[in-house]
Amino acid sequence: MSILDKAKNYVENLFKDKLSSVYFYHNFIHTTYAVQKADEIIKHTNLSEVDREKVLLALWFHDVGFTDCNAEGHEQRSTVIMKEFLKKDNFSDEYIDEVSKLILATEKYHQPQGLLEEIMKDADFSHFASPFYNDSAEALRKEWELTGGMCFSNDEWNVMNVDFLKNKHKYFTDYAKENWEPLKMKNVKKLEKKLDKEDKPKKDLDKSDKKDQKSDRSVDTLFRVTLNNHTRLSDIADSKANILLSVNAIIISVCLSVLVPKLDAPKNTHLIIPTFFLLISSVMTIIFAILSTKPNVTKVNFTKQDVADRKVNLLFFGNFHQMNFDDYLGSMHDLIKDRDYIYDSMTKDLYFLGKVLDRKYKLLSITYQIFMAGIVISVLSFAYAFLTL
């Protein structure tokens, strides 16, 4: 398998295992597209096979730094990951340093030095000339909202993109200038047409309306990110509890199959108490681990008047499963029309999810304490039993 194939598989698995789902743009799809477009440029240039390999390796790794969930300085983190990968294949330090420089060339405002860096820059921004540019731009917009809380109205977003494409970006290689620049300008014209269309109906909007729209988007992002974090914390707690369940189930199985059958022999009576401690601690750990993962669905009895008075959270299944579909549909229509009602319901969801997390992590903390104390006591008991023979 070539080093480029190894790099592709490594980066794909790295993104799959470690990249947060909030990265809608900087992911394996963008990386693969950049590599393909770089190869497209290289086919029209007199580049050696070694230089081609360096460029494509750098592009495979240029965004892996995002797996640390931080956009700032991701290029430097990408070089660290790339170096660890290439050192396993015994590449020279000189070769690795050259690939590192190519990765660092993808920094937003870096001015490329030489053809290889020019190819890196053009490939990284090749989506500007893509017929799917709008989809890529929206993916980046959503990513910025979720990772940095940067929210833009449609007008603000389009104006910023037009300004960047026209005034701050340019292609460097001859191939990109000739083939991609015209396509990029077509996308610019589409954005400008959008701005013209949106400006006409919005001329009558006053500043307060615009502030409200921006505020709504910020609040939506706040709820989305917070709920996503809470859900992730719940998943982490469940995975930790599952680890303890598996480990202690193995301990109990080994004790019952190996230790317990031998305890009736007179020469092994000194092992009864240590084995008892080990089994009891494992059983207690399993019980609390199960309690921490056990679903605890609260069900509230309410009347139609409670729904009309908006005292019921219609976003929680423990409530609406009692309603017939027509009543639920009508109530949801009322909820959708009222922004405050929506935010109240989402706040209730967030609050009660936090209460569930509090209970889950408290039980998980007790579980770990029992497991740790049980292991320590059991080991000391076994040691004492053997020493006092």
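What you see is a predicted model, and the numbers here were worked out from it, not measured in a lab. (Residues numbered from 1 in each chain as written. Predicted model: local features only at pLDDT ≥ 70, side-chain atom pairs only at ≥ 80, totals over all residues. Heavy atoms only, no water.)

**Examining the packing of helix α1 (residues 3–18) against helix α3 (residues 49–61)**
- Contact geometry of α1 with α3 gives a least axis separation of 10 Å together with a crossing angle of 5°. One element, α1, and the other, α3, form an angle in the roughly parallel class. Together, I3, L4, A7, K8, Y10 and V11 of α1 and R52, E53, L56, L57, W60 and F61 of α3 make up the contact between the two elements.
- The residue inventory of the contact of α1 with α3, partitioned by class, reads 9 nonpolar, no polar and 3 charged. (Axes fitted to C-alpha atoms, helices over the stretch in contact; angles between N-to-C directions. Helix = DSSP H or I, 4+ residues; strand = E, 2+ residues; numbered from the N terminus. Parallel < 35°, antiparallel > 145°, perpendicular 65-115°, else oblique. Contact = heavy atoms within 4.5 Å. Nonpolar A, V, L, I, M, F, W, Y, C, P; charged D, E, K, R; others polar.)

**Points about the UniProt feature "transmembrane region" (unreviewed entry) in the chain**
- In the numbering used here, UniProt assigns the feature "transmembrane region" (unreviewed entry) to residues 241–259, 271–291 and 363–387.
- Spanning residues 241–259, this segment combines 100% helix with 0% strand, and its end C-alpha atoms are found 26 Å apart.
- Annotated as 95% helix and 0% strand, the span residues 271–291 places its first and last C-alpha atoms 30 Å apart. (UniProt positions renumbered as here; feature names shortened; annotations may be inferred.)

**Observations regarding the packing of helix α7 (residues 133–148) against helix α8 (residues 154–168)**
- Put simply, α7 and α8 touch, their axes get as near as 12 Å, and they point 115° apart. The two elements α7 and α8 cross, and the hand of that crossing is right-handed. Contact residues: Y133, A137, E138, L140, R141 and W144 in α7; N154, W157, M160, N161 and L165 in α8.
- Residues that form the contact of α7 with α8 fall into these classes: 7 nonpolar, 2 polar and 2 charged. (Left-handed = near helix turned anticlockwise from the far one by under 90°.)

**What about helix α12 (residues 272–293)?**
- Between the first and last C-alpha of α12 there are 32 Å, a value that for 22 residues agrees with the 32 Å anticipated at 1.5 Å per step.
- Looking only at α12, the buried set comprises P274, T275, L278, L279, S281, S282, T285, I286, F288, A289 and S292. (Expected span 1.5 Å × (residues − 1). Buried < 20%, exposed > 50% of the residue type's maximum accessible area, 1.4 Å probe, protein only.)

**Some remarks on a positive patch on the surface**
- A cluster of basic residues, K186, K189, K190, K193 and K197, forms a positive patch on the protein surface.
- Locating K193 in the fold gives a position in helix α10 (residues 181–202). (Patch = residues over 30% accessible without salt bridge, like charges linked within 9 Å, V, L, I, M, F, W, Y side chains within 5 Å. Areas by Shrake-Rupley, 256 points an atom, 1.4 Å probe, with all protein chains shown as cover. Salt bridge = Lys/Arg side-chain N within 4 Å of Asp/Glu carboxyl O. Lys, Arg positive; Asp, Glu negative; His and termini not counted. Charge placed at Lys NZ, Arg CZ, Asp CG, Glu CD.)

**What to know about the packing of aromatic side chains**
- As enumerated under the stated definition, the model contains 16 aromatic pairs in all.
- Where F91 meets Y95, the ring centres are 4.9 Å apart and the plane angle is 35°; that geometry is what we call tilted.
- Accessibility expressed as a relative area gives 11% for Y95, which makes it buried.
- Among the aromatic residues, ring-to-ring pairing joins F125, F128, Y133 and F164 into one connected group. (Phe/Tyr/Trp six-rings, centres within 6.5 Å; stacked < 30°, edge-to-face > 60°.)

**Digging into the pattern of salt bridges**
- A full pass over the atoms with the stated rule returns 13 salt bridges.
- Where R52 meets E49, a salt bridge forms, and the shortest distance between an N and an O atom there is 3.1 Å. Of the two residues, R52 and E49 are both situated in helix α3; the distance of 3 residues between them amounts to about one turn of the helix.
- You can call E49 exposed: its relative accessible area is 55%.
- With a closest N to O distance of 3.3 Å, E138 and R141 form a salt bridge. On the criterion of helical spacing, the pair formed by E138 and R141 is a turn pair, its members being 3 residues apart in helix α7.
- Look at R141 and you get buried, because its relative accessible area is 4%.
- A network of salt bridges, in which partner residues are shared, links D39, E49 and R52.

**Details of unusual backbone geometry**
- The phi dihedral of N90 falls on the positive side, at around 60°, and the residue is not glycine.
- Note on placement: N90 falls in the loop between α4 (74–88) and α5 (93–104).
- N90 gets classed as exposed once you look at its relative accessible area, which sits at 71%.

**Overview of the side chain of N187**
- As for its placement among the helices and strands, N187 is situated in helix α10.
- One polar contact links the side chain of N187 to the main-chain carbonyl oxygen of S130, over a distance of 3.1 Å.
- Not counting chain neighbours up to four residues away, the residues in contact with N187 comprise F128, A129, S130 and Y133. (Polar contact = N/O pair within 3.5 Å; in protein donor to acceptor, adjacent residues only side chain to side chain.)

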